[in-house]
Amino acid sequence: MKKWIFPTVALFFLTACSGKTVYRDGVFRGEAMGYSKETPIKVEVTVAGGNMVSVEVVDHGEYVEQVPQVQEALNTLPGAMVKKNTTYIDSIAGATETSKGIKDAVEKALERAK
């Protein structure tokens, strides 16, 4: 009977200490301010199997026409977050506030998925 205690306890501690959050499946929305202080960046995050499978920017007021890097951030950051299953990714140079807004909006959506 004692043989199963150690593996069970070890598995518990490895899981508890891994720091990986598993999210509820579903579609979750979040929003945060980017560079534009008038319109927040709004995102939809789809979670399946406890992981992000899709991040979509559904609305924003960012200045795409004035700063080309903003469009790059809007296009690339969502996919990078899905690929790494985290919001801890590099920002786009020249679009720092937009990058932060996208990350913050996704984090707010993921808070709802806990």
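Small disclaimer: the values here were computed from a predicted structure and weren't measured.

For the rest of this paragraph, the subject is the environment of Val 22. Mapping Val 22 onto the fold places it in the loop between helix 1 (5-17) and strand 1 (26-32). Residue classification places Val 22 among the exposed residues on the basis of a relative accessible area of 61%. When the C-alpha positions of Val 22 and Ala 113 are compared, they lie 8.7 Å apart, and in sequence the two are 91 residues distant.

This paragraph deals with the side chain of Glu 62. Structurally, Glu 62 is set in the loop between strand 3 (51-59) and helix 2 (68-84). Buried and without a salt bridge, Glu 62 has Lys 37 as its closest oppositely charged side chain, separated by 7.4 Å. In this structure Glu 62 touches Gly 34, Tyr 35, Ser 36, Thr 39, Ile 41, Val 70 and Thr 98, once residues within four positions along its chain are discounted.

Evaluation of the coordinates by the stated rule reveals one aromatic pair. An angle of 80° between the planes, with centres 5.7 Å apart, marks the rings of Tyr 35 and Tyr 63 as edge-to-face. With Tyr 35 in the loop between strand 1 and strand 2 (41-48) and Tyr 63 in the loop between strand 3 and helix 2, this pair connects stretches of sequence that are 28 residues apart.

Let us now look at the environment of Lys 100. Here Lys 100 lies in helix 3 (residues 96-112). Separated by 13 residues in the primary sequence, Lys 100 and Thr 87 have C-alpha atoms spaced 9.7 Å apart. Side-chain polar atoms of Lys 100 contact the side chain of Asp 104, separated by 2.7 Å.

Locating Thr 98 in the fold gives a position in helix 3. Look at Thr 98 and you get buried, because its relative accessible area is 1%. Only 2.5 Å separates the side chain of Thr 98 from the side chain of Glu 62, close enough to count as a polar contact.

What follows concerns the confidence of the model for the protein. Per-residue pLDDT for the protein averages 88, and the proportion of residues at 70 or more is 82%. The low-confidence segment residues 8-16, where pLDDT is below 50, has zero contacts with residues more than four positions distant or belonging to other chains.

What follows deals with the nonpolar core. Counting 24 residues, the largest nonpolar core has Val 45 and Val 106 as the members making the most contacts within it. Apart from the residues within four sequence positions on either side, Val 45 is in contact with Gly 26, Val 27, Phe 28, Met 52, Ser 54, Val 55, Val 106, Ala 109 and Leu 110.

The rules behind the values
- Residues numbered from 1 in each chain as written.
- Predicted model: local features only at pLDDT ≥ 70, side-chain atom pairs only at ≥ 80, totals over all residues.
- Heavy atoms only, no water.
- Helix = DSSP H or I, 4+ residues; strand = E, 2+ residues; numbered from the N terminus.
- Buried < 20%, exposed > 50% of the residue type's maximum accessible area, 1.4 Å probe, protein only.
- Lys, Arg positive; Asp, Glu negative; His and termini not counted.
- Salt bridge = Lys/Arg side-chain N within 4 Å of Asp/Glu carboxyl O.
- Contact = heavy atoms within 4.5 Å.
- Phe/Tyr/Trp six-rings, centres within 6.5 Å; stacked < 30°, edge-to-face > 60°.
- Polar contact = N/O pair within 3.5 Å; in protein donor to acceptor, adjacent residues only side chain to side chain.
- pLDDT = per-residue confidence, 0-100.
- Core = buried A, V, L, I, M, F, W, Y, C linked by side-chain atoms within 4.5 Å.

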